[in-house]
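For reference, the chains in residue letters:
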Amino acid sequence: MHFYGTSAINEAGHLEIGGCDTVELAKKYGTPLYVYDVALIRERARGFKETFDRLNVKAQVAYASKAFSSIAMVQLAAEEGLSLDVVSAGELYTALAAGFPTEKIHFHGNNKSEEELKMALEHKVGCIVVDNFSELSLLEEVCSEQKTQMSVLLRVTPGIEAHTHDYILTGQEDSKFGFDLQNGQAEKALLAAADSPWIDLLGIHCHIGSQIFDTTGFVLAAEKIMEKLNEWSKKHHFEPKVLNLGGGFGIRYTAEDDPIPPARYVEEIITKVKEESIRYGLEMPEIWIEPGRSLVGDSGTTLYEAGSQKDVPNVRKYIAVDGGMNDNIRPALYDAKYEAVLANRANDPKEELVSIAGKCCESGDMLIWDIHLPQVQKGDLLAVFCTGAYGYSMANNYNRIPRPPVVFVENGRDVLVVRRESLKDIIHLDMPLNANAGNYSR
Ligand SMILES: Cc1ncc(COP(=O)(O)O)c(C=O)c1O
Ligand SMILES: N[C@@H](CCCC[NH3+])C(=O)O
């Protein structure tokens with residue numbers, strides 16, 4: 001068993017996280033339940049920041065809140081001195097509700113609405129990452145209407161095929177994101193932005209994809225961008241203050257994953273940008289990054305109760321749990337792999353090979369195919385590791401299943417930070433068609 005952060009087996013043979021017994025947590029909050037190891041999030045955040053400090057580079061580490069956004073999570077990011085990447089009015093609203101310093105918010109998205117841009121301006125976010133020409137003109141309109149200048153990064157697509165799942169690749173030429181660096185679009189956007197009295201062009205942004213295990217793609221992207229920046233400095237006297245190289249740093253989900261330490265990504269990116277700045281005689285820009293998964297991914301564990309079982313002789317044994325693709329759609333969406341243990345019998349020998357199914361009406365609703373576990377009994381507690389990123393944030397109510405609560409644990413204390421959705425919550429947006437609405441309160 002691989003232990004993440006503060007996870008360990010206690011004297012009772014139970015999995016504990018943050019000094020809290022997961023069996024007790026399950027009793028107190030019910031299952032399914034997301035448990036976040038706060039100390040591990042802090043350690044990851046500090047690791048990134050210390051690397052920049054050690055290398056003496058001006059930087060911002062922005063937490064990509066799409067990985068897991070909640071008021072408490074955003075407040076934790078603020079406590080750790082992180083900036084924040086938001087992609088929608090909803091993520092921005094969460095940040096505002098959390099009292100996050102708005103000048104440290106970076107607003108992303110490939111189809112921001114006029115309302116979203118107005119909201120960003122009204123709350124004076126730190127910068128808007130402009131994705132395409134339509135957005136550039138819409139932003140100009142909104143800024144000129146409100147007589148407000150806005151700081152901007154231009155998102156470019158460098159034409160890099162990083163090695164990861166196709167659905168989470170973003171740096172390749174054929175992508176819905178960003179201005180193409182090679183075909184002249186990015187340069188056109190640069191000129192348009194530089195020409196606008198309403199836009200303060202801070203620099204360039206690039207994000208090549210997610211769950212990437214080596215530094216080659218990042219280094220190549222930095223190299224390609226620096227080459228263009230050299231060209232643009234000569235042709236257009238443009239030198240960026242900021243170079244944002246996005247997130248995407250891979251983490252360990254299973255024994256098959258062998259990620260490099262987060263600091264290595266940062267070190268290699270910085271080394272490349274420094275080298276290229278010296279080579280071209282350019283000022284070293286501030287380096288911004290926006291990790292999501294590598295900040296919160298391995299700090300999250302989901303607890304489930306084992307329920308019904310189905311044995312298909314000579315084929316496989318299915319163990320169904322009380323959650324599934326509602327709270328973790330990644331296996332269905334990306335064929336993502338996870339490790340798990342029986343949290344109430346963590347020392348018991350592994351005796352059988354089983355597959356963990358969810359409770360949705362979908363054959364693809366599987367959490368884990370083929371895992372060795374002790375003989376699972378109804379009522380056992382299954383802990384699935386590494387569900388901290390893109391678990392809760394992509395959770396859904398398919399089959400009208402309420403979303404689980406989220407608990408933060410640290411130093412033996414547990415704090416409920418997102419409550420469980422109730423059946424009332426499930427129907428609270430519904431409008432009855434006639435008076436026969438039944439007796440259930442809404
Ligand atoms: C623009 C942008 N920045 C940052 C991230 C965070 O990526 P990750 O969670 O892989 O670090 C993403 C998601 O892939 C993204 O699209
Ligand atoms: N949601 C994805 C990654 C995409 C991240 C956002 N660009 C995942 O779970 O791996």
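Note that the structure is a prediction, hence the values are computed from the model and not measured. (Residues numbered from 1 in each chain as written. Chains lettered and ligands numbered in written order. Predicted model: local features only at pLDDT ≥ 70, side-chain atom pairs only at ≥ 80, totals over all residues.)

A few words now on the environment of phenylalanine 218. On the secondary structure map, phenylalanine 218 appears in helix α8 (residues 216-236). Residue class for phenylalanine 218 comes out buried when judged on the 25 C-beta atoms lying within 10 Å of it. The residues touching phenylalanine 218, leaving out its near neighbours within four places in the chain, are Ile208, Leu245, Tyr265, Glu268 and Ile269. (Helix = DSSP H or I, 4+ residues; strand = E, 2+ residues; numbered from the N terminus. Buried ≥ 20, exposed ≤ 12 C-beta atoms within 10 Å, placed from the backbone. Contact = placed C-beta atoms within 7 Å.)

Time to look at the site of ligand 1. Around ligand 1 there are 18 residues in total, and Ala64, Ser210, Gly247, Gly292 and Arg293 lie nearest to it. In terms of residue class, the shell around ligand 1 is built from five nonpolar, 10 polar and three charged. (Near = placed C-beta within 6 Å. Nonpolar A, V, L, I, M, F, W, Y, C, P; charged D, E, K, R; others polar.)

Residues with a pLDDT of 70 or more make up 96% of the chain, whose mean pLDDT is 95. Confidence metrics for the complex model read pTM 0.96 and ipTM 0.98. (pLDDT = per-residue confidence, 0-100.)

In this chain, threonine 31 is followed by proline 32 through a cis amide linkage whose omega measures -10°. Within the element layout of this structure, proline 32 appears in the loop between α1 (22-29) and β4 (33-37). Positive phi, close to 50°, is recorded for lysine 124, a residue that is not glycine. Mapping lysine 124 onto the fold places it in the loop between α5 (114-122) and β8 (127-130). For lysine 124, a count of 12 C-beta atoms within 10 Å puts it in the exposed group. One non-glycine residue, arginine 400, lies in positive phi territory at about 55°. Here arginine 400 lies in the loop between β19 (381-385) and β20 (406-410). Overall, the presence of 9 C-beta atoms within 10 Å leaves arginine 400 in the exposed class.

A separate point is the pairing of strand β6 (residues 83-86). Side chains Ser83 and Asp85 project from β6 onto one buried face, and the interleaved Leu84 and Val86 project onto a second face that is buried too. When strand β5 (residues 59-64) meets β6, the two strands line up parallel, connected through three bridges. If you follow alanine 64 over to β6, its bridge partner there is aspartate 85. Each parallel crossover has a hand, and the one from β5 via helix α3 (residues 71-79) to β6 is right-handed. Where β6 lies against strand β7 (residues 105-107), three bridges are found, and the strand directions are parallel. Within β7, the residue paired with valine 86 across the bridge is phenylalanine 107. Chirality of the crossover, the property in question, places the unit of β6, helix α4 (residues 89-97) and β7 among those that are right-handed. (Pairing = 2+ DSSP bridges. Right-handed = clockwise from strand over helix to strand, strands pointing away.)

Here, the residues flagged by UniProt with the feature "binding site: substrate" (unreviewed entry) are Arg293, Arg330, Tyr334, Glu362 and Tyr390. Considering the C-alpha atoms alone, the annotated residues occupy 98 residues of sequence and remain spread out, their largest mutual distance being 26.7 Å. Its location among the elements puts arginine 293 in helix α10 (residues 293-296). Accessibility expressed as a C-beta count within 10 Å gives 25 for arginine 293, which makes it buried. Residues within four places of arginine 293 in sequence aside, it is in contact with Ala67, Ser210, Gln211, Ile251 and Ala389. Of note, tyrosine 334 is situated in helix α11 (residues 330-334). (UniProt positions renumbered as here; feature names shortened; annotations may be inferred.)

We now examine the packing of helix α2 (residues 38-54) against helix α9 (residues 262-280). It is at 9 Å that the axes of α2 and α9 come closest, and there the two elements cross at 25°. Viewed along their axes, α2 and α9 adopt a mutual orientation that is roughly parallel. The way α2 lies across α9 gives a crossing that is right-handed. For the pair α2 and α9, contact is made by Arg44, Gly47, Phe48, Thr51 and Phe52 and by Pro262, Ala263, Val266 and Glu267, respectively. (Axes fitted to C-alpha atoms, helices over the stretch in contact; angles between N-to-C directions. Parallel < 35°, antiparallel > 145°, perpendicular 65-115°, else oblique. Left-handed = near helix turned anticlockwise from the far one by under 90°.)

Within the open sheet, the three strands sit side by side as β1-β2-β3. Their pairing is antiparallel. Either end of the sheet is taken by a strand with one partner, and the two such strands are β1 (8-9) and β3 (20-21). Note: strand β2 (residues 15-17) against β3, two bridges, orientation antiparallel. In the sheet register, glutamate 16 faces β3, and the bridge partner there is aspartate 21.

Turning our eyes to something else, we now look at the nonpolar core. In this structure, Val152, Leu154 and Leu382 are the most contacted members of the largest nonpolar core, which totals 120 residues. Residues lining this core come from more than one domain, with at least three contributed by each of domain 1 (8-37 + 297-427) and domain 2 (108-291). Apart from the residues lying within four places of it in its own chain, the contact partners of leucine 382 are Tyr304, Ala306, Val321, Ala340, Leu342, Ala343 and Ile356. (Core = buried A, V, L, I, M, F, W, Y, C linked by C-beta atoms within 7 Å. Domains from an automatic or database assignment.)

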